[in-house]
Amino acid sequence: MKIIKYFKEHKFLFMIIFAVLFAVYNGIIGLIYKSTWHISIFGYYLLLLIVKCFVIYMEIKDKGNAKKEKNVFVFTTILLFIISIALIAPLAIMVLNKRIITFSLEVSIGIAAYTTYKVTISIISYVKRRKLNGIMIRELQTIGIIESIVSILTLQNTLISVNGGSDRSLYNMTIATSFVGWAFILFFLIFMLVEERKNKK
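Now for a description of the structure that goes with this document. (Residues numbered from 1 in each chain as written. Predicted model: local features only at pLDDT ≥ 70, side-chain atom pairs only at ≥ 80, totals over all residues. Heavy atoms only, no water.)

What follows covers the nonpolar core. The nonpolar side chains of soluble globular proteins are, as a tendency, buried together. Ranked by internal contacts, the top residues of the largest apolar core, which has 41 residues, are Tyr-44, Tyr-45, Leu-87, Ile-146, Val-150 and Ile-185. Looking at this core, the elements that each hand over two or more residues are helix 2 (12–33), helix 3 (36–62), helix 4 (66–86), helix 6 (105–127), helix 7 (135–162) and helix 8 (168–200). For Val-150, the residues in contact, after removing those within four places along its chain, are Ile-41, Tyr-44, Tyr-45, Leu-87 and Ile-185. (Core = buried A, V, L, I, M, F, W, Y, C linked by side-chain atoms within 4.5 Å. Buried < 20%, exposed > 50% of the residue type's maximum accessible area, 1.4 Å probe, protein only. Helix = DSSP H or I, 4+ residues; strand = E, 2+ residues; numbered from the N terminus. Contact = heavy atoms within 4.5 Å.)

As structure tokens, then:
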């Protein structure tokens, strides 16, 4: 199966493990520093992982059944839109500066390490997508891109907190980049749907 080949090439199990660790890391940071933003990202990342694991499970279970793949794709895409629209809440929290601003440098280093890893893996995976066509693969890669964007926003939020968080220019940058990132998430979801419609023709 193409998706099994994809898992082997991209060491998908490790990607899921690292994503779980990143989610838990944000949850721990949120609890220690009482940061609503990081607790929200913990929940958001877990929801993305649940959707991702569901897609993987259904793809393997149905063994490439085209009709069932389509149903899973439609259902999970709707979930991704709902989850992504809900992301506006933690983004609003970040923009409104309702967060603790005393993170240590070590916290930002951990988030920076994961963000670098995630962005690199997502780019490599996206470039290789043309070799492995398939509706489920496209959706998994879109989820990977969304995870990368959210990790970048999380890193930005943490770095601004480490540097004080009260600078007006940093505040304005936070507003701009947060909503640009959110817009990109919606763009990739819409792009995935448009691309799938084209492939049907």
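Helix length check: helix 2 (22 residues) gives 31 Å between terminal C-alpha atoms against 32 Å at 1.5 Å per residue, within 8%. Of the positions making up helix 2, those classed as buried are Phe-12, Met-15, Ile-16, Ala-19, Phe-22, Ala-23, Asn-26, Gly-27, Ile-29, Gly-30 and Tyr-33. Looking straight down helix 2, one finds its buried side chains confined to an arc of 160°; they lie on one side. Of the exposed residues in helix 2, those oriented more than 90 degrees away from the buried face are Leu-13, Leu-21, Leu-31 and Ile-32. Immediately downstream of helix 2, the backbone of Lys-34 shows phi near 55°, a positive value. (Expected span 1.5 Å × (residues − 1). Arc of directions from axis to C-beta.)

With that settled, the discussion passes to the pattern of salt bridges. Applying the stated criterion across every chain, the model contains two salt bridges. The shortest N-O distance in the salt bridge between Glu-147 and Lys-118 comes to 2.7 Å. In this pair, Glu-147 sits in helix 7 while Lys-118 sits in helix 6, placing the two residues 29 residues apart along the sequence. Residue Glu-147 is classed as buried on the basis of its relative accessible area, which comes to 0%. (Salt bridge = Lys/Arg side-chain N within 4 Å of Asp/Glu carboxyl O.)

What follows is about the packing of helix 2 against helix 6. Orientation of helix 2 relative to helix 6, taken along the N-to-C sense of each, is 155°, at an axis distance of 11 Å. When the axis of helix 2 is compared with that of helix 6, the two are roughly antiparallel. Where helix 2 crosses over helix 6, the handedness of that crossing is left-handed. Across the interface between the two elements, Phe-14, Met-15, Phe-18, Ala-19, Phe-22, Tyr-25, Asn-26, Ile-29 and Tyr-33 from helix 2 touch Glu-106, Val-107, Gly-110, Ile-111, Tyr-114, Tyr-117, Lys-118 and Ile-121 from helix 6. Looking at the contact of helix 2 with helix 6 residue by residue, the class counts come to 13 nonpolar, two polar and two charged. (Axes fitted to C-alpha atoms, helices over the stretch in contact; angles between N-to-C directions. Parallel < 35°, antiparallel > 145°, perpendicular 65-115°, else oblique. Left-handed = near helix turned anticlockwise from the far one by under 90°. Nonpolar A, V, L, I, M, F, W, Y, C, P; charged D, E, K, R; others polar.)

Another point: a nonpolar patch on the surface. A surface patch of nonpolar side chains, amounting to about 510 Å² of accessible area, comprises Leu-13, Phe-14, Ile-17, Phe-18 and Leu-21. Along the chain, Leu-13 falls in helix 2. (Patch = residues over 30% accessible without salt bridge, like charges linked within 9 Å, V, L, I, M, F, W, Y side chains within 5 Å. Areas by Shrake-Rupley, 256 points an atom, 1.4 Å probe, with all protein chains shown as cover.)

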